[in-house]
Every structure is written in C-alpha cells, then in structure tokens.
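Okay, here's what each chain looks like letter by letter:
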Amino acid sequence: MIKRNILQALIMLSMIQVANAQVISFSMETEESSKNTPEGWTAVDLPKNLPAFTESNTFYITSYGASTESTDNTKAIQDALNAAKNAGGGMVVIPAGEWLANTIQVGSKTVLHLCAGATLKWIAYGDRSATEGNNFIVNKDTPTDVVIEGEGNTSIIEGQGGPWWANYKVSGVKRGAVIRFSKGNRFLFRNFRIQNAPGANLTVGQSGNGAHTTIHDIEIKNPSSSASTPSHNTDGIPIWTQYVNIYNCTIDTGDDNVVTDTNAQYVHVWNCVFKAGHGASLGSYTVNMHHIIYEDLTLDGTDCGFRLKSNNDRSGDVHDIIFRNCTMNNVEAPIWITAWYDDTPDLTSAAQEKISTTPEFHNILIQNVTASGYTGTRNSNDKKYNGIQIAGRPESYVYDVIFDNVQITHRNGVRLFFCKDIKFINGCTFTRTKDNVTVKATDEDLTAVMENSHEAEYTWNKTLGIAGITMTSNSSTDCYNLQGVRTDSPAKGIYIQNGKKIIIK
C-alpha cells in the first residue's frame, strides 16, 4: 500500500511537471488589424517588447504551490508573477480548476493567462475584511506591456460579490474592482469572463494615467440593479484615461455598461452588446473629457441608451462626442443628456456664476439610431423616462447637438431644457406610444410629442421649431431671441414677439 501511494504521488508529480513545461500559444497578429482608429486620432498602442515565450519564462502557478484545495493562493500566484517580472517578462499560467486568492499585482512585460475551465476566484467578503476597498488584480508599480487573457467564457474571474452588495446596502461598505490598472501603458485584456464583481468590473486609468488600453471579447455578468438580489455600482468598464479601444464585448450588469469619466479622451467603443445596465454612459465626473465614440452597439433592456450626465461640482468642457449606428430595444431612457445629475432640473433657477466645474456639453452627434419596444409603464418626468431629454443649466446651455436619421418610438415624449442649436436632420421621426402620436420628418416641429420645454431652441428636419421660450417681461412689444434673452435692437434673424415668431430680414 505504501509503495503504491508513493508510485501514485510520483506519477502525479510527473504529470504536473509535464503540464508546467507546456508553453501556451500566444499571438498578437490580429490585434493590429482590429484597431479601427477613427480618422485624425492617434492609434492606440498595443503591448510590445514582450519576450518570446518558452519553457524558461512560462510560469505555472502550481509550480509555486498553488492548489485548488487551498483557501488562499495569493502568495503562490504573486510569486509566479514576480518570477515573470524578474525574468524580464514572462507568462503566468492559471490551469483549469478553481483558485482562491486575494489581491495580486501584475508587472511589466507579463501575460497572465487563464486556461479554459480556469476560475480565478476572489476570496469571499468574510475572509478578507481587512482589505475592504482593495482591488483584486492590479498594476505593480507603473507597468508597461501587460496582457490579461483567457481562452473564452470558461476562463472566469469570479468576484463573489453577493455578500459585498448586501453589506453595501446595510452599512455602505467600500467595495473594490475586480481589475483595476490605475497607471502604466499598453494594456490588453481579451477573451475571458468577469462575473459577480463586488464593485466595478474592469477599470482603466486614474487621473489620466494608464493610457493605451485595448479590451475585446470580454463578457461581463452581474445581476441588474432591479434584480431580486441586485448588484450595486457594478460598472462594466469605467475609463479614466486616454486612448482606449473596446470592442466585441457583451456586458450585462448593475450600473453603466461602459462609462467614460474625467480625463477620458480618444475612447472608441464598437460592436458590443449591452444588456442590463445604464447603457453607453459618460460621467458623472466629466472634467477634461472629449473625443469619445460609441458605435455599432446593440442595447437590449438597458435603463438608458446614450447617457451623458454630470453636475456643477464635477464637470467642465465636454465635446466631440458621437453615438451612432446603434439599435435600442426596450430602453427606458434612449437619449438622456443632463447637467443635473441625480437632481430634477430646476426651471425656476437663475443663472449662477460659471466656474471651472460647470458642465458645458456641446458638439454631440447622434446618428443612425433607432429605439423601440419600450414596454414599461412609467410616466415621463423631468428626471428620466423620456424618449429624449436634454437638460443644460441656465448659465451653461447644452448646444450644438445633431440628431441625424434618428428614429425613436417610446411610451413618453421629449423634454428640452436650457439648450440651443439642437438640430434634427435627415428624416428624424418620433412616436409617442402612450397616445399614439407620431411626429414625422415632414411635420413642422416636435410640439405634438413635447412633454415639457424651457428656454430651448431646436430645428426639426431643417424647419425651425421654437420650444419653451420664457418671456421675462409683460411688455407686448419686447423682442426675445431664440435663447429667451430680451433685445431692444433686433437685427436680422428670428425672434419671439408677443408670443409669436417673427423674422427680420
């Protein structure tokens, strides 16, 4: 019996050694051709300077003592990652099986590879109370040229978020992200699944650091915010830096599917499927944010479609934003642009002094977009549940927004507040299903589906429509421009006088 046990142990050791010697196939050949860089943008840099992977720089975590029977493989996995970094670059392999660990740090020129059937599982909430607020997989120092990859959706990073969500509701416990790379350059994340994140799933950048990131073929799954056991603030991919490509991802979560925040610039998101979540989002922190494109998206059952949100304590100049070639089904708020985040727009407020953090939203294109199939019964309000809502502030109008070939069918209608130069062109239509009213491209304006408007100016398919000009004087002879400002000496243009539109040639 003893000899047989020794023989079996030797055979198992031999099998581990053979497995540990296996070199995983690695290629970057298709990455360059998939970049899809918009015209005039700087291309996103991919990881480079990676070594050729051989037996000498391929490090299996089992060689460092990791075991599927262990309740904590943190040290073994970190030792393997350190070996890769110290070798001048290497691949760390997580074989099939379930591997429990706490926070691990990934250094430069490292590939962290999850095999098919591998689950890297974050140690549960009750076993890591001392690390509240920490993240799971993070950057070591300021790394460059890092790849985290799997072999498809059976390569899983599991966050065990359930206890965190429950405790967050009770005590506001601080939760970390599954993956957060706050600084460094040239990161690639591909071909794996993240599920049950305590907080955010895959966060890129901080304070503008962590640039040049590519994310593709990632599946993210967390309970929606309206599920019987909801997840909270489980943003799919939050971005706080420059030069980011995201494509071919499926995101089903409890908060923003993809969201750009402060310092997000030159971000391109395409060919993704968004299910539960808050859609293609921008903000609420929107300082120094511009040149962002969401396109070729399918949004099915998200709370919002295109959502730009901020407030006067966390914003700035936001511009050159595109949302195009997207299809929405059963979306509560297809187009929602608001400078009153978490507030209802105050239509009685006077203009305040404009400061550096005042939201200024402009140069926005919404093109070739359809939205239909909303089955909810919520009534329109000034905060949400509208087919279109644009809400600037009295001191800072939203301006230069173009709706180009946008077709929206929604239970509720349109709300426009504190905005100007809003243009609907190329055959836009809007159907409000609660009263079966359709505004066609040949109609004069959006009046028939307007829920509410205030100090707003738009053109409808190149025909002028005036909505909600506020008269601030009782004089019947006063003239007001299209922003609702009284003028004593009107020149050439279009004005409001005595409640009617006049044209001065």
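Note that this is a predicted model, so its numbers are computed, not measured. (Residues numbered from 1 in each chain as written. Predicted model: local features only at pLDDT ≥ 70, side-chain atom pairs only at ≥ 80, totals over all residues. Heavy atoms only, no water.)

Novice: I would appreciate a short explanation of the overall build of the protein in the present structure.
Specialist: Tallying secondary structure elements over the protein gives 4 helices and 37 strands in all. Out of the 505 residues in the protein, the part that is buried amounts to 54%. Within the protein, residue pairs in contact and separated by at least 24 positions form 69% of the contacts whose partners lie at least 6 positions apart. (Helix = DSSP H or I, 4+ residues; strand = E, 2+ residues; numbered from the N terminus. Buried < 20%, exposed > 50% of the residue type's maximum accessible area, 1.4 Å probe, protein only. Contact = heavy atoms within 4.5 Å.)

Novice: When you look at the pairing of strand β27 (residues 388–391) in this model, what are you seeing that I'm missing?
Specialist: Side chains on a regular strand alternate between the two faces of the sheet. Alternating residues of β27 divide into I388 and I390 and Q389 and A391, and every residue in both groups is buried. Taken together, the 4 bridges between strand β25 (residues 333–338) and β27 define a ladder with parallel strand orientation. Among the inter-strand pairings, T338 is bridged to a residue of β27, identified as A391. (Pairing = 2+ DSSP bridges.)

Novice: Hey, could you run me through the packing of aromatic side chains in this one?
Specialist: When we look at a pair of aromatic rings, we describe it by the centre distance and by the angle of the planes. Scanning all chains against the criterion turns up 14 aromatic pairs. On the basis of an interplanar angle of 85° and a centroid distance of 5.2 Å, the ring pair of F26 and F53 is categorised as edge-to-face. Remark: F53 occurs in the loop between α2 (29–33) and β1 (58–60) and F26 occurs in the loop between α1 (2–21) and α2; sequence separation between them is 27 residues. Over the ring of Y168 we find R175; its NZ or CZ atom is 3.9 Å from the centre of that ring. Geometry around Y285 places R314 over its ring, the cationic atom sitting 4.6 Å from the centre. (Phe/Tyr/Trp six-rings, centres within 6.5 Å; stacked < 30°, edge-to-face > 60°. Lys NZ or Arg CZ within 6 Å of the ring centre and 35° of its normal.)

Novice: I tried to follow the nonpolar core on my own but got confused; where do I start?
Specialist: Soluble globular proteins tend to pack their nonpolar side chains together in the buried interior. Counting residues in hydrophobic clusters, the biggest one holds 99 residues, and the most contacted among them are F323 and F403. If one sorts the elements of this core by residue count, strand β29 (residues 414–425) sits on top with 7 residues. When near neighbours in sequence (up to four residues on either side) are disregarded, F323 contacts A280, Y294, L297, L299, G305, F306, M328, I335, L365, I366, Q367 and V369. Listed in part, the 9 residues of the second largest apolar core include F53, V93, C115 and L188. (Core = buried A, V, L, I, M, F, W, Y, C linked by side-chain atoms within 4.5 Å.)

Novice: In this structure, what is going on with the pattern of salt bridges? I would like to understand it.
Specialist: Applying the stated criterion across every chain yields a total of 20 salt bridges. Ionic pairing is found between R415 and D382, a salt bridge with its closest N-O pair at 2.1 Å. Residue R415 is located in strand β29, and its partner D382 is located in the loop between β26 (360–372) and β27; the two are separated by 33 residues in the primary sequence. D382 matches R415 in its accessibility class, with the two residues each being buried. R432 is the partner of E451 in a salt bridge, and the nearest nitrogen-oxygen pair spans 3.4 Å. A residue pair is termed long-range when its members are at least 10 positions apart, and E451 in strand β32 (residues 450–460) and R432 in strand β30 (residues 429–432) qualify at 19 residues. When salt bridges that share partners are traced, they join R432, K434, D435 and E451 into one network. (Salt bridge = Lys/Arg side-chain N within 4 Å of Asp/Glu carboxyl O.)

Novice: Would you mind going over helix α3 (residues 74–86) with me for this structure?
Specialist: Since there are 3.6 residues in each turn of an α-helix, residues three or four apart along the chain are aligned in direction. With 13 residues, α3 should cover 18 Å at 1.5 Å per step; its first-to-last C-alpha distance of 18 Å lies within 8% of that length. Buried residues of α3: T74, A76, I77, Q78, A80, L81, A83 and A84, and no others. Buried residues along α3 sit in contact with β1, β2 (90–94), β3 (97–101), β4 (104–106), β5 (110–114) and β6 (118–122). Once α3 finishes, G88 follows within two positions and takes phi at roughly 85°, a positive value. (Expected span 1.5 Å × (residues − 1).)

Novice: Help me out: how do you make sense of the environment of V147 in this one?
Specialist: Tracing the backbone through its elements, the reader meets V147 in strand β8 (residues 144–149). Since its relative accessible area comes to 0%, V147 is described here as buried. In this structure the C-alpha to C-alpha distance between V147 and T213, which are 66 residues apart in sequence, comes to 10.0 Å.

Novice: Can you walk me through the environment of V267 in this structure?
Specialist: Mapping V267 onto the fold places it in strand β18 (residues 265–270). Put simply, V267 and T37 are 230 residues apart on the chain and 9.8 Å apart in space, counted from C-alpha to C-alpha. Once residues lying within four places of it in the same chain are set aside, the contact partners of V267 are W41, I239, T241, V244, T260, H291, I292 and I293.

Novice: For this particular structure, what's the right way to read the environment of T154?
Specialist: Considering the arrangement of structural elements, one finds T154 in the loop between β8 and β9 (156–158). Note: C-alpha distance between T154 and C115 (39 residues apart in sequence) is 8.2 Å. Discounting residues that sit within four places of it in the chain, T154 has contacts with C115, A116, G117 and A118.

Novice: Sorry if this is basic, but what is going on with unusual backbone geometry here?
Specialist: Most peptide bonds take the trans form, and the phi angle of most residues other than glycine is negative. A positive phi is found at K109, a non-glycine position, where the angle reads about 55°. Inspection of the secondary structure assignment puts K109 in the loop between β4 and β5. With phi around 55°, N271 is a residue other than glycine that occupies positive phi space.

Novice: How should the pairing of β18 be read in this particular structure?
Specialist: Summarising burial for β18: 5 of the 6 residues are buried, a large majority. Pairing of strand β15 (residues 242–247) with β18 involves 5 bridges; the strand directions are parallel. Across the sheet, the residue bridging to V244 is V267, located in β18. Here 5 bridges tie β18 to strand β21 (residues 289–295), and the two strands are oriented parallel to one another. Each residue of the ladder has a partner; that of V269, found in β21, is Y294.

Novice: Even after reading the chapter, I still don't get the confidence of the model for the protein, so can you show me in this structure?
Specialist: The predicted coordinates of low-pLDDT regions are not to be read in fine detail. Here the protein shows a mean pLDDT of 90. Residues at 70 or above account for 87%. Below pLDDT 50 for its whole length, residues 6–20 participates in 6 contacts with residues either more than four positions away or in separate chains. (pLDDT = per-residue confidence, 0-100.)

Novice: In this structure, what is going on with the side chain of R415? I would like to understand it.
Specialist: On the basis of relative accessibility, which here comes to 8%, the residue R415 falls in the buried class. Polar side-chain contacts of R415 include one of 3.2 Å to the side chain of N386. Excluding anything up to four places from it in sequence, R415 contacts S380, N381, D382, N386, I388, Q389, I390, M450, E451 and N452. (Polar contact = N/O pair within 3.5 Å; in protein donor to acceptor, adjacent residues only side chain to side chain.)

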